Every structure is written in C-alpha cells, then in structure tokens.
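Observations on the model geometry
Residues per chain, in single letters:
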Amino acid sequence: MWVAGAVLVAAICTAARGQGLWSPVTEWPMIPVGVFHLDDNRILGFAANQADDYTWGGGLGGYTHAAIYDPATGSFERLDLVGHDTFCSGLTFLPNGDLFLAGGGNGVNPFRVSRFDMAAKQWVREHDTNKGHWYGTAVATLTKVVLALGVATAPNEFPPENNIPEISYGFDFSLPWSDLYNVSLEGKGPDVTHWYPQMHLLSNGKILESGTQNEMFIIDPEGAGSIVSVGLRNPLVAEREAWGVATIMFDVDRILTIGGLDGWYQGPTKFTRNRVMLIDARDPENIVSTQVADMAYHRAFMNAVLAPTGDVYVFGGHSNNQQWNDSLSVLVPEVYNPATNIWTPLASMATPRNYHSTAILLHDGRIFVGGGGLCGWDCEVNHKNHEIFTPPYLLEVDGITRRPQGTFLLHPPTVTPGVAFTVQVNLPEPLAYFMWIRHY
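Source: prediction; values computed, not measured.

Quick word on the overall build of the protein
- On a plain count of helices and strands, the protein comes out with 0 helices and 37 strands.
- A burial count over the protein gives 59% of its 440 residues as buried.
- Sequence-distant contacts, at least 24 apart, represent 53% of the contacts inside the protein between residues at least 6 apart.
- When the accessible area of the protein is evaluated, it comes to approximately 17,000 Å², of which 55% is carbon and sulfur surface.

So, the pattern of salt bridges
- In the structure shown here, the tally under the stated rule is 16 salt bridges.
- In this structure, D128 engages R112 in a salt bridge whose closest nitrogen and oxygen atoms are separated by 4.0 Å. In this pair, D128 is assigned in the loop between β13 (122–126) and β14 (137–140) and R112 in the loop between β11 (99–102) and β12 (113–117), connecting sequence segments 16 residues apart.
- Since its relative accessible area comes to 26%, D128 is described here as partly exposed.
- With its nearest N and O atoms 3.9 Å apart, the salt bridge here joins R254 to D251.
- In this structure D251 comes out as partly exposed when scored by relative accessible area, which is 37%.
- Here the salt bridges do not stand alone but share partners, grouping D98, R115, D117 and E126 into one network.

Some thoughts on the sheet that holds strand β15 (residues 145–149)
- With respect to topology, 4 strands assemble into an open sheet ordered β14-β15-β16-β17, the strand pairing being antiparallel. Two strands close off the open sheet at either side, each with one partner strand: β14 and β17 (178–179).
- Examined bridge by bridge, β14 and β15 share 4 bridges and lie antiparallel to one another. Bridge pairing in β15 places V139 opposite L147.

Quick word on the sheet that holds strand β27 (residues 288–291)
- The strand order β23-β24-β26-β27 describes an open sheet built from 4 strands, whose pairing is antiparallel. Two strands in the sheet have a free side with no partner beyond their single neighbour: β23 (246–251) and β27. Taken pair by pair, the neighbouring strands of this sheet meet at an average axis angle of 25°, ignoring direction.

With respect to the pairing of strand β4 (residues 34–37)
- The alternating pattern of β4 places G34 and F36 and V35 and H37 on opposite faces, both of which are buried.
- Summarising the sheet, β4 and strand β5 (residues 43–46) pair through 4 bridges and their orientation is antiparallel. Looking at β5, one finds that H37 is bridged to I43.
- Following β4, the chain reverses through 5 residues before pairing antiparallel with β5; N41 in that reversal takes a positive phi of roughly 75°.

Looking at the side chain of D52
- Counting through the fold element by element, D52 comes out in the loop between β5 and β6 (63–64).
- No salt bridge is formed by the buried D52. Its closest oppositely charged neighbour is K384, at 4.5 Å.
- Apart from residues lying up to four places away in sequence, D52 is in contact with I31, L374, C375, G376, W377, N382 and K384.

Considerations on the state of the cysteines
- Considering all chains together, one arrives at 1 disulfide under this definition.
- Through a disulfide, C375 is tied to C379; the S-S separation comes to 1.9 Å. Its torsion about the S-S bond being -75°, the disulfide of C375 and C379 is classed as left-handed.

Focus on the environment of S210
- Relative to the helices and strands, S210 is located in the loop between β19 (207–209) and β20 (215–220).
- Looking at S210, the relative accessible area reads 0%, which means it is buried.
- Along the primary structure S210 and L232 are separated by 22 residues, whereas in three dimensions their C-alpha atoms are 8.4 Å apart.
- Each residue touching S210, except ones within four places of it in the same chain, is listed here: Q198, H200, M216, R233 and I279.

Notes on a nonpolar patch on the surface
- A contiguous nonpolar surface patch, about 230 Å² in accessible area, is contributed by F421, L431 and F434.
- Residue L431 is classed as partly exposed on the basis of its relative accessible area, which comes to 38%.

Points about unusual backbone geometry
- Residue T212 is reached from G211 by a cis peptide bond, and omega for that bond is 25°.
- Mapping T212 onto the fold places it in the loop between β19 and β20.
- Looking along the chain, the bond that leaves H411 and enters P412 is cis, with omega of -10°.
- As for its position among the elements, P412 is in the loop between β35 (407–411) and β36 (422–426).

Notes on the nonpolar core
- Residues L256, I258, V312, Y313, F315, W343 and I367 are the most contacted members of the largest nonpolar core, which totals 35 residues.
- In terms of residue count, the dominant contributor to this core is strand β29 (residues 312–315) (4 residues).
- Look past the residues within four positions of F315 in its chain and what remains in contact with it is W22, R299, M302, N303, V305, P333, M349, A359, I367, V369 and F389.
- Judged by nonpolar contacts, the second largest core, of 29 residues, contains M30, I43, Y54 and L374.

Thresholds, definitions, all that
- Residues numbered from 1 in each chain as written.
- Predicted model: local features only at pLDDT ≥ 70, side-chain atom pairs only at ≥ 80, totals over all residues.
- Heavy atoms only, no water.
- Helix = DSSP H or I, 4+ residues; strand = E, 2+ residues; numbered from the N terminus.
- Buried < 20%, exposed > 50% of the residue type's maximum accessible area, 1.4 Å probe, protein only.
- Contact = heavy atoms within 4.5 Å.
- Areas by Shrake-Rupley, 256 points an atom, 1.4 Å probe, with all protein chains shown as cover.
- Salt bridge = Lys/Arg side-chain N within 4 Å of Asp/Glu carboxyl O.
- Pairing = 2+ DSSP bridges.
- Axes fitted to C-alpha atoms, helices over the stretch in contact; angles between N-to-C directions.
- Lys, Arg positive; Asp, Glu negative; His and termini not counted.
- Disulfide = S-S within 2.5 Å.
- Patch = residues over 30% accessible without salt bridge, like charges linked within 9 Å, V, L, I, M, F, W, Y side chains within 5 Å.
- Core = buried A, V, L, I, M, F, W, Y, C linked by side-chain atoms within 4.5 Å.

Have a look at this one:
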C-alpha cells in the first residue's frame, strides 16, 4: 500500500444518519467518462476524441478531451492529450501514483500507451504495445509488471493473437512490450466476452479473471505465465456472460459482481439483473462464488464505489437493455453492507447515470458521480456534468448537518509494503476503526 494514494476516514459507531445528500449538478467542458483522483485533491476527467462523442477518428494520431476539476474552487483546467484517444483504454494506477492508459481509440491507433505523471501533472507518451487493445484491462501487480489484455483492436475485430496478454517489466515503458505466451483466453468463451475482462489483483500477486464469461480463471503473470480455471462465477445458474455489470473488490481477495445484462450485449432478448455474486478468493486453492442478497432494483451499466465504512455504494444504471437510452433509469442508489448482507436505498440523484458514466470516492469521503452518454452533440442522453453525494456516515443524526472532521498524521509520511507505520488521530468522537483505501 502506498500512502500517497490512500484515503483515511474514521468510522464512528453511531445511529443511522438518513439517506445522504446530493450537491447541485456541476457542468463540465466534456462528458467525464473517466475520472481519477490526483494527489492534490483535484480530479482528472476525460471523454474521447470529441467532448460529447467517440465515433470520429480524430486524425491518425488520436486525441483526448481532458480537464482537471478543482472541487474547492469549482474551476477547470484543460489538459487535452494529443496523439492518443484514451476512450475505452485499459487503465490502472502505478505504485508511484501515475495513471497508466493503454489502447482504446475506437480502432484508431489502439497500440498507443500514455501515462499521466502525477508529480508533473502532465501527459507522457510511452512505448506502443505490440498489439492493439480496444476494451482492454490493465493491472499493476505486486511484482512490478503491468499486464494489458483486450482481444479487440476495434469494434467487432478480434485478431486471435490478441488473446495473449502483454507485459512491461519494472514499469519501464520505454522498452518494448513482451507477450505472456502461456496465458491465452483463446477458446475461453466468445471473443466479445473478453471486452474489458474483469480482472482483480489478489494478495498473492496473481490475477483473478472473473468475466465476462461465467468461467473464472487465475492468471500467474510471473515468468512465461500460466492460466488455470477455478470454477464458475455463478455455479447455480446456466449463466452466459455478465455484460454491463459492476465488479469491485470490497475486501482483501473478496469481490462483488453486481447486476448487469444476461448476455454479452443489448437487445430485446436480454434482461437486466438485480443478482449479486460474492467471489471469495482468500483460499487460492478453493475459490468460492456464492449468491448474496439481491439489490432492490435491476440495473445494467451502473457504478460501484467502496466506502471507508467497508460498505459498497451502487449508483445509476437502468433496466431497459439498451446502451444509449435513459428510460427506466434507476435514480435511487443502494448501499450494501457485507456484514449484514443487506441493501439499503438512499436519496435519489437528479441525473440518470448509465452507459459511459462513472463514480469515485473523494478524499473527504464524499462520492463523485458523473457522465453518461457520449453519443453525439445532439444525443439527448449526454450528461456533461457531475453531482456529489454526501453519504450518511458523514452526517449528524439529523441526516442534514455535516459532522466535524478529524485529522490524521502518518509516520512515516510515505509507506511501502512491509514498512511499519503509525497513525495519529485527532477526532471529536471516539474512534471505532479506520479503513485505508488505495485511491490512486
């Protein structure tokens, strides 16, 4: 864990504090399809090669509309990326806090790799990958290897060689990428099931790939690599792919797969789910997936956020089986308590948040929810804005007044794996526990 990318929020045992509060809607210069926390409490957001669309190629080099938003002042600083369209790229944070982006671009130069230098607050172009990656997934592992995966080079283009992941050792992206030859998703479900593979780094340094196909796999990125089947995500149902789900690691080696569509794509024969599966990978020799409590609402294309209380908040989504469509949108968020296995409804938001929307935890414990659409300048489901949710755990018992915030002091100020540390806490109420969540 790297403290530069952590958020520390105290949890104090008290009664319920209402259903939360929403801020007014704030407009953006582009649709915030992807948003990321910076170390100065500002937010980096980006759309695609256009501010409200992704279909235009943007020239042979690619282009990304991006900006940095300051929640303290409400101001924006444009920081467009020239030479790389990062729409539908594979994203991950590196141990030093830099943001890594590979591929994307709607088939325009899906080989491109960029890095956002957290210290300099600027984009850096890195060495291209060997294969194009559209809808790819990237994971920064404990062994300082980045694994990029994504079988498509553009919509409906699936070169067989793209079933083999690529790796970059030691985070030196100036060097050529290497193939992880012994790892392949070839034959492990239809190619479209490998769009944005649901990959989670486990505590043993291996990677759990839990979808979108029903069969789960463990990938070992060391050496020549290996891939092993570890059973079905949903062993009780003849489930096909889980498309449009939210998947989140809410505790060490414990993962929720939430809602989604029955099948790999939209259409009248597909239906949305409220089903939730819990994957327990704490025992690497016996990975178990079980169904837990259903959500109250059926949802696809929603977002999930882990809160400092250990609860999982779900925002947005709809049950109409279509991508660019706000009908049957779910405006009521829900929060899941893993200890009690109970979902609780929260205060309704103002704007539908469906396909191409996003949500992240802010440093102060609030939750940013924004975006949606990206389907053209005249598309009625474009949402070039965000709103911020104040969860009940930040409110007094009246459900309205903001609780006084404590302070934290970490010794030493920078922590790496294996280093002992202490946290000095100054709070107005007794501390029950605190949770440390890697933030960037």
